Amino acid sequence: TPLSLIRNFSIIAHIDHGKSTLADRMIQACGALTAREMTNQVLDNMELERERGITIKAQTVRLTYPAKDGKTYILNLMDTPGHVDFAYEVSRSLAACEGSLLVVDASQGVEAQTLANVYQAIDANHEIVPVLNKIDLPAAEPERVKAQIEEVIGIDAEDAVEISAKTGINIEGVLEAVVTRLPPPTGEADLPLKAMLVDSWYDAYLGVIILVRIKEGRLKKGARIRMMSSGATHLVDQVGVFAPRMVPVDDLGPGEMGYINAAIKTVADCNVGDTITDDRRPAAEPLSGFKPSIPVVWCGLFPVNADDFDKLRDSLGKLRLNDASFHYEAETSAALGFGFRCGFLGLLHLEIIQERLSREFDLDLIATAPSVVYHLNMNDGTKEDLHNPADMPDPMQIETIEEPWIKATIMVPDEYLGAVLTLCTERRGVQIDLTYVGNRAMAVYRLPLNEVVFDFYDRLKSLTRGYASFDYQMDGYEESDLVRISILVNQEPVDALSFIAHRSAAESRGRAICARLKDLIPRQLFKIAIQAAIGARVIARETIGALSKDVTAKCYGGDISRKRKLLEKQKEGKKRMRQFGKVEIPQSAFLAALKMD
Ligand code: GTP
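Report follows, based on the coordinates. From a predicted model like this one, the values you see are computed outputs, not experimental measurements.

Quick notes on the rules
Residues numbered from 1 in each chain as written. Predicted model: local features only at pLDDT ≥ 70, side-chain atom pairs only at ≥ 80, totals over all residues. Heavy atoms only, no water. Helix = DSSP H or I, 4+ residues; strand = E, 2+ residues; numbered from the N terminus. Buried < 20%, exposed > 50% of the residue type's maximum accessible area, 1.4 Å probe, protein only. Contact = heavy atoms within 4.5 Å. Core = buried A, V, L, I, M, F, W, Y, C linked by side-chain atoms within 4.5 Å. Axes fitted to C-alpha atoms, helices over the stretch in contact; angles between N-to-C directions. Parallel < 35°, antiparallel > 145°, perpendicular 65-115°, else oblique. Left-handed = near helix turned anticlockwise from the far one by under 90°. Nonpolar A, V, L, I, M, F, W, Y, C, P; charged D, E, K, R; others polar. Pairing = 2+ DSSP bridges.

**Remarks on the side chain of Lys-146**
Checked against the element boundaries, Lys-146 lands in helix H5 (residues 142-153). For Lys-146, a relative accessible area of 12% gives the class buried. Among residues more than four places away in sequence, those in contact with Lys-146 are Leu-132, Ala-157, Glu-158, Ala-160 and Glu-162.

**Some remarks on the environment of Ile-500**
Its place among the elements puts Ile-500 in strand S29 (residues 499-502). The spatial distance from the C-alpha of Ile-500 to the C-alpha of Ile-534 is 9.9 Å, given a sequence separation of 34 residues. Not counting chain neighbours up to four residues away, the residues in contact with Ile-500 comprise Tyr-374, Leu-386, Pro-389, Met-392, Asn-450, Leu-482, Val-483 and Arg-484.

**Remarks on the nonpolar core**
Leu-357, Ile-406, Ile-410, Leu-447, Phe-456, Leu-460 and Phe-470 are the most contacted members of the largest nonpolar core, which has 51 residues in total. Among the elements that make up this core, the one with the highest residue count is strand S23 (residues 398-413) (six residues). Apart from the residues within four sequence positions on either side, Ile-406 is in contact with Tyr-445, Arg-446, Leu-447, Leu-449, Val-452, Phe-470, Tyr-472, Gln-473, Met-474 and Asp-475. The next biggest cluster of nonpolar side chains, apart from the first, holds 30 residues, and it includes Phe-9, Leu-22, Tyr-73 and Ala-177.

**Observations concerning the packing of helix H9 (residues 417-426) against helix H10 (residues 456-463)**
Two numbers describe how H9 lies on H10: the axes approach to 10 Å, and their chain directions differ by 160°. Taken together, H9 and H10 sit at an angle that is classed as roughly antiparallel. Of the two possible hands of crossing, H9 and H10 adopt the one that is right-handed. Listed contacts from H10 to Ala-419, Val-420, Leu-423 and Cys-424 of H9 are Phe-456, Arg-459, Leu-460 and Leu-463. Class assignment for the residues of the contact of H9 with H10 results in seven nonpolar, no polar and one charged.

**So, the sheet that holds strand S15 (residues 257-261)**
Taken in spatial order, the eight strands make up an open sheet running S11-S10-S16-S7-S8-S15-S12-S13, and their pairing is antiparallel. Each having just a single partner strand, strand S11 (233-235) and strand S13 (246-249) make up the two edges of the open sheet. Neighbour-to-neighbour, the strand axes of this sheet turn through a mean angle of 40°, independent of strand direction. Pairing analysis gives three bridges linking strand S12 (residues 238-242) to S15, with the strands arranged antiparallel. Bridged to Gln-238 within S15 is Asn-261.

Below is the structure:
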């Protein structure tokens with residue numbers, strides 16, 4: 001295919017503005033799938049994505065579109081996630097395309113992630129076509145939203161395409177805009193191969209699959225490829241495109257997107273952002289890669305059943321292949337045994353990985369409290385990164401502790417602004433800016449990340465009935481008066497529950513956690529003391545009274561099968577508990593205890 005007939009584009013939008021629905025419509029309009037094959041939201045194919053109705057992985061699909069100019073175009077569409085935690089996936093998709101469709105809900109207008117994503121697209125030198133979606137809704141105000149796009153983002157919105165992805169109005173208009181308003185890719189077929197490794201994942205039948213975007217040269221079946229970062233070479237077994245099912249082709253040329261399967265065994269050989277070249281005729285220079293992602297939230301993941309350790313390591317390796325923004329390293333905990341310290345881009349990301357581990361890999365896990373990365377300046381002049389509160393050295397050896405800050409942009413209807421400002425202040429936020437975009441306030445705050453990590457987003461959503469939108473970027477480290485709070489259960493410290501907080505909040509948070517643990521830990525046959533302490537100083541205490549009765553006592557004289565059932569249930573419950581000294585703590589307590597009110 002000549003380059004002039006290829007268009008590579010992403011769809012970017014704020015969450016729920018209709019990206020995936022539009023992608024489905026475009027697939028349908030290009031006849032890539034018959035109506036029967038067209039299950040709802042083809043691209044959101046992870047079970048979890050469907051359930052939550054959000055896009056997690058960026059997806060790609062190749063379409064054939066006969067345009068009004070009489071020519072047939074190849075359109076490579078990349079769907080991208082909208083949630084703030086998945087910004088990294090967005091940046092990768094953008095690097096593989098020349099243009100973006102900016103979808104904005106015409107009844108909602110510009111939101112925080114509309115801005116964040118569109119700035120990324122502008123940084124990636126994309127041509128941008130605004131698309132106003134949901135014009136079928138009575139509340140749609142396309143003219144107002146066009147003015148808003150011009151005012152806030154500063155791009156021309158006069159020719160924005162007005163559509164309804166749901167009812168299918170004007171999908172043709174979007175396809176024509178892609179062909180006429182977005183630029184074709186560039187690249188030379190005769191140059192040595194340069195292909196960008198955009199994504200990779202593990203397929204149960206084929207093994208490792210790599211998604212590539214060819215920048216220069218040709219990638220053929222049977223060729224020996226070389227990964228430029230590691231020098232590893234592999235024989236290409238299969239080359240293909242997503243149409244949207246995997247369809248093998250002979251080769252891929254410049255500007256094209258597709259997949260390769262090269263019987264790669266080692267996950268470590270596939271670094272997203274790497275340049276793939278031809279081993280016999282290598283390129284001199286690699287492409288400039290993506291910015292490596294830096295995890296901002298860490299937590300420990302431990303198998304409930306110690307025998308599952310190897311399985312957990314294996315599963316993490318497969319997940320990592322599928323998600324380059326996820327990091328992990330081995331860790332041991334006094335209380336929880338062998339596990340892994342895992343790094344995430346945010347709390348939703350953490351939840352998603354945990355859920356995928358339990359669903360896709362059938363693993364029962366205990367997660368410890370999420371923590372941000374602190375910088376420790378030690379008395380002897382050395383510096384340390386602290387990923388895990390349990391590893392905090394003796395405070396006497398620490399000169400200063402620095403914590404990460406973020407710059408957050410929150411957009412919210414005027415009537416909820418007061419509640420949002422109060423929340424930010426409670427979380428040690430410092431206001432930088434407060435402006436209005438139409439009748440929505442846009443507040444810019446600096447906040448310590450550690451105050452945002454647990455439940456800021458949940459609180460923001462509930463305080464504003466879901467109307468607030470939130471986006472953030474890292475904004476440096478600052479020295480702060482931080483202390484480690486340990487939680488003791490019957491005098492034994494539970495390392496997995498210790499956490500770091502600002503001194504001013506230590507006592508109230510310690511008290512809240514003890515109170516919550518009192519409700520979360522079931523009564524046992526003896527009295528349990530729960531304490532929070534800073535060093536040796538106890539700052540809060542709760543007591544759980546002893547349970548005297550046998551659970552089966554109430555079945556006395558009852559039928560035996562019921563009694564057995566009850567005992568079995570008890571056994572089942574035990575699996576999800578951890579023993580601390582004599583005390584058993586349910587898995588749910590570990591995360592729940594640390595959510596703040
Ligand atoms: P993420 O993948 O989570 O980032 O969201 P998304 O932007 O892909 O949104 P999605 O396509 O899942 O649509 C969100 C909701 O809006 C769904 O309930 C859709 O049915 C609905 N929706 C999408 N397009 C339209 C439209 O044109 N009109 C109306 N009324 N609803 C729409």
